[in-house]
Amino acid sequence: MRLSRYFLPILKENPREAEIISHRLMLRAGMIRQQGQGSFTMLPLGKRVLDKVCRIIREEQDRAGALEILMPTIQSAELWRESGRYDAYGKEMLRIKDRQERELLYGPTNEEMVTEIFRSYVKSYKDLPLNLYHIQWKFRDEVRPRFGVMRGREFLMKDAYSFDLNYEGAKAAYYRMFVSYLRTFTRMGLKAIPMRADTGPIGGDLSHEFIILAETGESQVFCHKDFLDLTVPGENVDFGNDSEIADIVTHWTTPYAATDEMHDEAAWGQIAEGDRLSARGIEVGHIFHFGEKYSKPMNAKVQGPDGKEHFVSMGSYGIGPTRLIAAIIEASHDDNGIIWPESVAPFDIGLINMKAGDAQCDRVCDDLYAALTAAGKDVLYDDTDQRPGGKFATADLIGLPWQLIVGPRGVAAGEIELKNRRTGERETLPVAAVAKRLGAAA
Ligand code: ATP
Ligand code: MG
């Protein structure tokens, strides 16, 4: 992409309304535009990151056996009356009427709708386990929308729903999502710690929030330092092997970790002081087993091997892709701007032409741009006539992992400079060696 033809509305000044660094940087880097309270447009740069985040989520949901669908945002109140939640949900729900005065709502979550789909088709245990997910906008009329996309009112959510014959099956489904989440967040360069969360009237221990430690997090969290060194399963992990998956979950739930609501001072006291980590955290995912909470009132049953009908045992599994973008920035930035992990970077490489219009610089840049693009790299080519200082500041602000700097002096010597955004390290390379150095040689 040539920057001269791109839409990258960089802000020079720090936006006053932004209280936390990720919100400030997303506005300054031209990633988002606020449209109303807690609602945002993803501008081109932001949309590219969102797509990469969603792609990782999809790949890991699919790997764990979940199937993607897409449910509508608008739902009928009737459906929510069946579960009893229409009245219970309160003011967070946006309620709407259509021209026939039918009561509708903008979905804050989809348990009811997915249960309705399930009960319409699935009648036998032989069709289980089943896990359906979608990535769709949600609306919640939050009391305090703030921090940009971190707590919006309209935000994107990946929500998955599992259906099983009994508790044992539901637990295995829960474990698969647990492991899938570990892999998902790691691939985004994040250390997410699964913490015991409140199960309310459902009871049991199958509820975890996945938390990123960050000073600006909204929750107070407590965990053992061991979490920082636990290994995350690789991509060959076998989701078809229940005991292998259960072992991973045991490994990841043994050290102490809890959010404020679940904190146990006695257990905390048992941990050596130097091993305690008491910090702020951002919730990026939440998995929850709720058994028959919806299947019973909504009559979602299957025939079991015993010939009898059983209410299915369910769980739900949420991740916030829009919140994740902000969480990644909170975890990875410096004074000059964002530092994207390669897996979610909007472009792989920023190619900076220090003297656009200079025939030699233009030729070297055009050739590099063509070669790197042909090799499958996403390149943002700064071909504008801005001064070099401004170009460097923009490149650092938007945080692409690599910067390739092409100037008249280097070009005369057949050389260009490569800068690593994370380490700040610079190396001078012969032009001919660039593609190979960036893993893009033919
Ligand atoms: P919170 O406690 O932060 O309000 P929640 O418990 O209401 O979160 P869930 O209903 O479990 O969240 O939703 C699943 C995921 O959706 C969360 O883990 C988070 O990543 C994301 N999410 C929830 N609310 C918002 C919001 N207002 N803005 C952006 N993302 C959100
Ligand atoms: Mg909430």
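Residues numbered from 1 in each chain as written. Chains lettered and ligands numbered in written order. Predicted model: local features only at pLDDT ≥ 70, side-chain atom pairs only at ≥ 80, totals over all residues. Heavy atoms only, no water.

What follows covers the site of ligand 1. Taken together, 15 residues surround ligand 1, and among them Arg-140, Glu-142, Arg-151, Gly-152 and Glu-283 come closest. Within the side chain of Glu-283, an N or O atom sits 2.6 Å from an oxygen atom of ligand 1. At 3.1 Å, a backbone N or O of Gly-320 approaches an oxygen atom of ligand 1. Coverage of ligand 1 by the protein amounts to 81% of the 590 Å² it exposes when considered alone. Tallying contributions element by element places strand 13 (residues 276-291) first for the shell around ligand 1, with four residues. Tallied by class, the residues present in the shell around ligand 1 amount to five nonpolar, five polar and five charged. (Near = heavy atom within 4 Å. Polar contact = N/O pair within 3.5 Å; in protein donor to acceptor, adjacent residues only side chain to side chain. Areas by Shrake-Rupley, 256 points an atom, 1.4 Å probe, with all protein chains shown as cover. Helix = DSSP H or I, 4+ residues; strand = E, 2+ residues; numbered from the N terminus. Nonpolar A, V, L, I, M, F, W, Y, C, P; charged D, E, K, R; others polar.)

Further remarks concern the packing of aromatic side chains. For the structure on display, the rule yields 16 aromatic pairs. Between Phe-288 and Phe-290, the aromatic rings sit 6.1 Å apart at their centres with planes inclined by 35°, giving tilted as the arrangement. The residues Phe-288 and Phe-290 share a single accessibility class, namely buried. Among the aromatic residues, those joined into a ring-pair cluster are Phe-178, Tyr-181, Phe-185 and Phe-210. (Phe/Tyr/Trp six-rings, centres within 6.5 Å; stacked < 30°, edge-to-face > 60°. Buried < 20%, exposed > 50% of the residue type's maximum accessible area, 1.4 Å probe, protein only.)

Within helix 1 (residues 21-28), burial applies to Ser-22, His-23, Leu-25, Met-26 and Leu-27. The inward-facing, buried residues of helix 1 contact strand 1 (32-36), strand 2 (39-42), helix 9 (321-331), strand 17 (333-334), strand 18 (337-338) and helix 11 (388-398). Residue Gly-30 follows helix 1 closely and has a positive phi angle near 65°. (Contact = heavy atoms within 4.5 Å.)

Next up on the list: the domain arrangement of the protein chain. Along its sequence, the protein chain is carved into domain 1 (3-338) and domain 2 (349-441). One C-alpha centre belongs to domain 1, the other to domain 2; they are set 38 Å apart. With 16 residues of domain 1 in contact, the opposing surface of domain 2 contributes 13 residues. Three residues stand out in domain 1 for area buried against domain 2, namely Leu-3, Asn-336 and Ile-338, and they jointly supply 41% of the buried area on that side. At the boundary of domain 1 with domain 2, the tally comes to three salt bridges. (Domains from an automatic or database assignment. Buried area = accessible area lost by both parts, 1.4 Å probe. Salt bridge = Lys/Arg side-chain N within 4 Å of Asp/Glu carboxyl O.)

Next up on the list: the state of the cysteines. Evaluated as defined, the whole model comprises zero disulfides. Among the cysteines around Cys-361, which has no disulfide bond, Cys-365 carries the closest sulfur, lying 6.4 Å off. (Disulfide = S-S within 2.5 Å.)

Side chains of Ile-74, Leu-94 and Ile-96 sit close together on the surface and give an oily, nonpolar patch of about 190 Å² of accessible area. Along the chain, Ile-96 turns up in strand 5 (residues 94-97). For Ile-96, a relative accessible area of 30% translates into the label partly exposed. (Patch = residues over 30% accessible without salt bridge, like charges linked within 9 Å, V, L, I, M, F, W, Y side chains within 5 Å.)

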